[in-house]
Amino acid sequence: MFAVHLFSFYFSKLQEDPTKKVDRFLYAMRLHDDQLRDISARFQAEMKKGLSAESNAAATLKMLPTHVCSTPDGSENGEFLAVDLGGSKFKVLQVKVRKEAGRVRRSVEMQEQTYPLPKELLIGRGVELFDHVSECLKDFLLQKKISLEKKHPLGFTFSFPCQQTALNQGLLLNWSKNYWARGLQGKDMVNTLRQAISRAGGMDVDVLALVNDTVGTMMTCGFDDQHCEVGLIIGTGTNACYMEELRHIDLVEGDEGRMCVNTEWGAFGDDGALDDYLTEFDRDIDAASINPGKQCLEKMVSGLYLGELVRLVVLKMTKLGLLFDGRVTDALRTKGKITTAHVAAMEQYKDGLKNTRDILLDLSLNPSPDDCIAVQHVCTVVSFRSSNLVAAGLAAILTRIRQNRKLKTLRITVGVDGTVYKTHPQYAKRLHKVVRRLVPDCHVRFVLSESGSSKGAAMVTAVAQRVTARRHQVDESLSSFRLSRDQLRSVKARMRAGLEAGLKSNSHSPVKMLPSYVFRTPDGTECGKYLALDLGGTNFRVLLVKIRSGLRRSVRLYNKLYPIPLEIMQGTGEELFDHIVHCISDFLDYVGMKKARLPLGFTFSFPCLQAAINVGTLVSWTKGFKATDCEGNDVVDMLREAIKRRNEFDVDIVAIVNDTVGTMMSCAYEDPQCEIGLIAGTGSNVCYMEELRNIEKVKMEEGEPERKQDSDGEDKTDDGMDREAKNGLGEMQRMCINTEWGGLGEDGCLDDIITEYDNAVDRESINHGRQRFEKLTSGLYLGEVVRQVLLDLTRRGLLFKGRVTEALKTPGIFETKYLSQIESDRLALLQVRSILQHLGLDSTCDDSIIVKEVCGAVSRRAAQLCGAGMAAVVDKIRENRGLDQLNITVGVDGTLYKLHPHFSTVLQETVVALAPQCYVTYLLSEEGSGRGAALITAVARRDQVEM
């Protein structure tokens, strides 16, 4: 009875608009935007699941890594072969890529040959199938008169699911498309083809790449449009691939750059994710297929099934009396009688209704005009749903790419292939419209693949060849920065020899080993108020340091920064020291202590020859200072004279201190085992506590030295030392030595590890031939070394498409701070590109990877060299003291050590490897050398009282 009423209901609707009748019948196929966004969100979740190693096995989207890590960049060149296997026939091609002189666009020449595949080969033994392929490849070379002796790189388009562990390796997961060749599932398809080529004989072919047809489509379109990073197939089957951030692909190692992922999206919904969108017709299609429960999305959208979906809908409507007066023919009941080509023909704009009538007549039906309109509309609804579902999946991919790159808007190109997209009259337009509506923040361009995926396989091969060749050349250029363990041991030995030689009297060692006349580190009894000065750059710092001893010992600082104008830095010495004294006077007013006579420690970060703790003769200016009448003079005397000229306050200048010594003393206050100071920043230097017996430069001579007086009338010996200090020298055991180790190599002892890039930096420096070790290790020079490497690689066409910009030719533009930023593990390559663009360097993702490698090679070498130098120092201290095991602390300051993400770790690892008998702790100096100068002053005062 219910069936009768239902039939009556449908019969009453026969006279209405036939399209509305179809819409009502197929309402479940009419998907609105909210539904599509829901599907897109489900798709994104499944993508994430497929990329994870933990959940991949359960994911319907397998997200297969392809090991295609670069799209064409325009520099590809050469001749390549391609084999395309995936249908009832297969193709062999030769692709020639040329860039003609004076032309921006590249030319591509292709010649191809299609070969049949007998059905018995598709279901026979796999070895026979591949033997046939290789014989056809040989025939192609002979037909086209291509040399068999010449080596030919080949790309293999293989349109079946494979698990790839490398670009040229892929294990067959399963056959599809009527292929059932035995003995190949789980085997490597590249190796299988290579063996077949070897059996055929007479060819020198190197299979460089295995490529899915979707990837081939993306690469084909990427050759002409470098924004193309998505490939889409909508034909007999359907699939998509895209460039995913490598850090998100758990199934492969590495986290730098991108890799193309083959989504195999036809299986989306196999876990029930699309059950609420499936119609009875989709379930009928699935039940009648050779793989029930599999490839859910593909059965809803691909050309293999669209015609059959239309047939099932028309059949059901006819049975219900909604079409053809309820008359069902045997042809209409026959599977496959309506094809996707028929659907496309029925939807044509001008001839669609005529085509519909002709197709229906071939099914032995007698259609009315309304029947033709209704069937045509069924085709529209079915194909429109297909394009909507494809748009939802594509929107998920585009959204993920945009979010990965942290962009507000994304500009991207999608390369498309497939008969449905190419031949259906409205499909592409509908797809484009819906995608742009679903992702308005993505500016999407669709490019049709004219040459199919075969050209793409050749492009993958070309890119692989380019990347491999470039990789080899870059590695070769950076190999000179990679130091072996033996080389580092040799550097340690040379540093040790330099330390020993520098301690000798009348030494000509490039490692100066300057006595600091600091004999002790703090012991906790220091107390009082001290004034400290810190001069070492364009800012001058004055500090008041209050030291409290006892159980509640502490150090409190009050400081103020004063700029030093360029005209003062490069004026006269008298003007410079008058400016310093003016700043001191202002600071004493600021802290209200102008009338107090405070002991003062002066951190003076320029090379000085010290004859006592309060005597320092400037050897030479650095860091942009050029004040006249200072070099060769005692800077302490110059400061005293300036104070007298101003005549507003009085101080007791107790000590002049190098910043490295100040760092050691600052950290020694926290850790009594700190007997080494390291600066790893703009400059590079080390100081340490040396046994006094080893320092020939300060050993007392027999007899009474001649008396002299300093500017204050105090007694000095003929070597400039305070008599009081000289008399007490015999009670001391050790003295801090400022190594000035940056001079190592000035005698040529480092020439075997110095690169052409280091020599270029040295030639452009203001102290050519000097400070060779410092130029390999300090922040003042590392950025410039990197720039020289980048300049060379660019000139050789290995970076930035060979475009040497004015920025790249500008000395000093690549500051060392960029090394710290670029090498950060948390920095995405997009941010690296942003830094390079800020410097006027327009880079690709591959360029960014190479720049990061260059920075890493240069900074790692610097850290290893500092580690080798430090190993020489700690081993010398251990041997000095006759110890089997040394426990010691190094006080460290400097932006390179503090801010670079890997420098400190590499330095420490090198010391462990080269000085295994020394247990070294590293303590960061929080307050820098200013506090150290005050502590040195306090220690010196304490020693004077004790003496």
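Higher on the page you've got the structure.
Computed from a predicted structure; not experimentally measured.

Chemist: Would you mind showing me how to read the overall build of the chain here?
Modeler: Counting secondary structure elements, the chain contains 32 helices and 28 strands. Computed over the C-alpha atoms, the radius of gyration of the chain is 40 Å, more than 25% above the 30 Å expected from 2.2 N^0.38 for a compact globule of 947 residues. Considered along the principal axes of its C-alpha atoms, the chain spans approximately 130 × 65 × 55 Å. For the chain, with 947 residues in total, the buried portion stands at 58%.

Chemist: I would appreciate a short explanation of the side chain of Ser-765 in the present structure.
Modeler: Within the fold, Ser-765 resides in the loop between helix 24 (756-764) and helix 25 (772-777). Here Ser-765 falls in the buried class, since its relative accessible area comes to 16%. In terms of polar contacts, Ser-765 uses its side chain to reach the backbone carbonyl oxygen of Asp-762, at 2.6 Å. Polar contacts involving the side chain of Ser-765 include one to the side chain of Lys-775, which spans 2.9 Å.

Chemist: Got a minute to help me understand helix 7 (residues 213-224) in this structure?
Modeler: An α-helical turn contains 3.6 residues, so a residue and the one three or four places further along point in the same direction. Taking 1.5 Å per residue as the helical rise, helix 7 with its 12 residues ought to reach 16 Å, and the 18 Å between its terminal C-alpha atoms agrees with that figure. Among the 12 residues in helix 7, 11 count as buried, and that is most of the element. When helix 7 is considered as a whole, its buried residues turn out to be Asp-213, Thr-214, Val-215, Gly-216, Thr-217, Met-218, Met-219, Thr-220, Cys-221, Gly-222 and Phe-223. With a side-chain oxygen lying 2.7 Å from the backbone nitrogen of Thr-214, the N-terminal cap of helix 7 falls on Asn-212.

Chemist: How do you make sense of the packing of helix 18 (residues 485-503) against helix 31 (residues 903-914) when you look at a structure like this?
Modeler: Geometrically, a packed helix pair is captured by the angle between its two axes and the distance between the axes. Two elements in contact, helix 18 and helix 31, have axes separated by 11 Å at closest approach and are oriented at 85°. Considering the angle they form, helix 18 stands roughly perpendicular to helix 31. Contacts from Arg-485, Leu-488, Arg-489 and Lys-492 in helix 18 reach Thr-910, Ala-913 and Leu-914 in helix 31. Split into classes, the residues belonging to the contact of helix 18 with helix 31 amount to three nonpolar, one polar and three charged.

Chemist: How do you make sense of the pairing of strand 16 (residues 539-548) when you look at a structure like this?
Modeler: Burial within strand 16 is extensive, with seven of its 10 residues counted as buried. Two elements, strand 15 (residues 528-535) and strand 16, share eight bridges in a ladder whose sense is antiparallel. By the bridge assignment, Gly-528 is partnered in strand 16 with Ile-547. Counting the residues in the hairpin turn of strand 15 and strand 16 gives three residues. Alignment of strand 16 against strand 17 (residues 554-563), held across 10 bridges, turns out to be antiparallel. Within the sheet, the bridge partner assigned to Asn-539 lies in strand 17 and is Pro-563.

Chemist: Even after reading the chapter, I still don't get the side chain of Ser-509, so can you show me in this structure?
Modeler: With respect to the helices and strands, the residue Ser-509 is situated in the loop between helix 18 and strand 14 (514-515). A polar side-chain atom of Ser-509 sits 3.2 Å from the main-chain carbonyl oxygen of Gly-498. A distance of 3.1 Å separates a polar atom in the side chain of Ser-509 from the backbone nitrogen of Val-511. Sequence-distant contacts of Ser-509, that is, excluding residues within four places in its chain, are made with Gly-498, Ala-501 and Gly-502.

Chemist: Can you walk me through the pairing of strand 26 (residues 734-738) in this structure?
Modeler: The two faces of the sheet receive side chains in turn, since in a regular strand these alternate between them. For strand 26, the buried fraction is high: four of the five residues fall into the buried class. Inspection of the sheet shows strand 14 paired to strand 26 by two bridges, in the antiparallel sense. Considered in strand 26, the bridge of Pro-515 is made with Ile-737. Two elements, strand 23 (residues 684-691) and strand 26, share five bridges in a ladder whose sense is antiparallel. Looking across to strand 26, one finds that Glu-690 is bridged to Met-735.

Chemist: When you look at the pattern of salt bridges in this model, what are you seeing that I'm missing?
Modeler: Side-chain pairs of opposite charge can arise whenever the charged atoms involved come near each other. With the rule as written, the count across this model stands at 62 salt bridges. A salt bridge links Glu-500 to Arg-496, with the shortest nitrogen-to-oxygen separation between them at 3.0 Å. Taken together, the residues Glu-500 and Arg-496, both in helix 18 and four residues apart, mark about one turn of the helix. The shortest N-O distance in the salt bridge between Glu-784 and Arg-787 comes to 2.6 Å. Residue Glu-784 and its partner Arg-787 are both found in helix 26 (residues 779-795); the two are separated by three residues, about one turn of the helix. Take Glu-784: its relative accessible area is 10%, and that puts it in the buried class. Judged by relative accessible area, which is 2%, Arg-787 ranks as buried. By sharing partners, the salt bridges in this structure join Lys-492, Arg-496, Glu-500, Glu-690, Asp-875, Lys-876, Arg-878 and Glu-879 into a single network.

Chemist: Help me understand the sheet that holds strand 8 (residues 205-211), please; the structure alone is not making it clear to me.
Modeler: By definition, the strands of a sheet pair up through backbone hydrogen bonds, in either a parallel or an antiparallel sense. Taken in spatial order, the five strands of this open sheet run 4-3-2-5-8, and their pairing is mixed. The sheet is open, and its two borders are formed by strand 4 (107-116) and strand 8, each paired with just one other strand. Across the sheet, the mean angle separating the axes of adjacent strands is 20° when strand polarity is ignored. Strand direction decides the pairing type here: strand 5 (residues 152-158) and strand 8, joined by six bridges, are parallel. Paired with Leu-154 across the strands is Val-207, a residue of strand 8. Of the strands in this sheet, strand 5 and strand 8 touch helix 6 (residues 189-200), which is tilted by about 155° from strand 8.

Chemist: Before we go on, may I ask you to explain the sheet that holds strand 1 (residues 64-65) in this structure?
Modeler: The mixed open sheet is built from six strands, whose spatial order is 1-11-10-9-12-13. Edge positions in the sheet fall to strand 1 and strand 13 (442-448), since each of these pairs with one other strand and no more. Note that strand 10 (residues 238-245) and strand 11 (residues 258-262) share five bridges and pair antiparallel. The partner of Glu-245 across the bridge, within strand 11, is Arg-258.

Chemist: Would you explain the packing of helix 14 (residues 369-404) against helix 16 (residues 427-438) in this entry?
Modeler: Contact pair helix 14 / helix 16: the axes reach a minimum separation of 8 Å and the direction vectors enclose 40°. Classified by the interaxial angle, the pair formed by helix 14 and helix 16 is oblique. Taken as a pair, helix 14 and helix 16 cross one another with a handedness that is right-handed. Every residue of helix 16 that contacts helix 14 at Thr-380, Ser-383, Phe-384, Ser-386, Ser-387, Asn-388, Val-390, Ala-391, Ala-392, Leu-394, Ala-395 and Leu-398 is listed here: Tyr-427, Arg-430, Leu-431, Val-434, Val-435 and Leu-438. The class makeup of the residues in the contact of helix 14 with helix 16 is 12 nonpolar, five polar and one charged.

Chemist: Help me understand the packing of aromatic side chains in this model?
Modeler: Between two aromatic rings, the relevant description is the distance of the centres plus the angle of the planes. Counted according to the given criterion, the structure contains 23 aromatic pairs. Taken together, the aromatic side chains of Phe-130, Phe-156, Phe-158, Phe-160, Trp-175 and Tyr-179 make up a single cluster linked through ring pairs. Looking at Lys-560, its charged tip hangs above the ring of Tyr-590, at a distance of 4.8 Å from the centre.

Calculation rules
- Residues numbered from 1 in each chain as written.
- Predicted model: local features only at pLDDT ≥ 70, side-chain atom pairs only at ≥ 80, totals over all residues.
- Heavy atoms only, no water.
- Helix = DSSP H or I, 4+ residues; strand = E, 2+ residues; numbered from the N terminus.
- Rg over C-alpha atoms; globule rule 2.2 N^0.38 Å.
- Buried < 20%, exposed > 50% of the residue type's maximum accessible area, 1.4 Å probe, protein only.
- Polar contact = N/O pair within 3.5 Å; in protein donor to acceptor, adjacent residues only side chain to side chain.
- Expected span 1.5 Å × (residues − 1).
- Axes fitted to C-alpha atoms, helices over the stretch in contact; angles between N-to-C directions.
- Parallel < 35°, antiparallel > 145°, perpendicular 65-115°, else oblique.
- Contact = heavy atoms within 4.5 Å.
- Nonpolar A, V, L, I, M, F, W, Y, C, P; charged D, E, K, R; others polar.
- Pairing = 2+ DSSP bridges.
- Salt bridge = Lys/Arg side-chain N within 4 Å of Asp/Glu carboxyl O.
- Left-handed = near helix turned anticlockwise from the far one by under 90°.
- Phe/Tyr/Trp six-rings, centres within 6.5 Å; stacked < 30°, edge-to-face > 60°.
- Lys NZ or Arg CZ within 6 Å of the ring centre and 35° of its normal.

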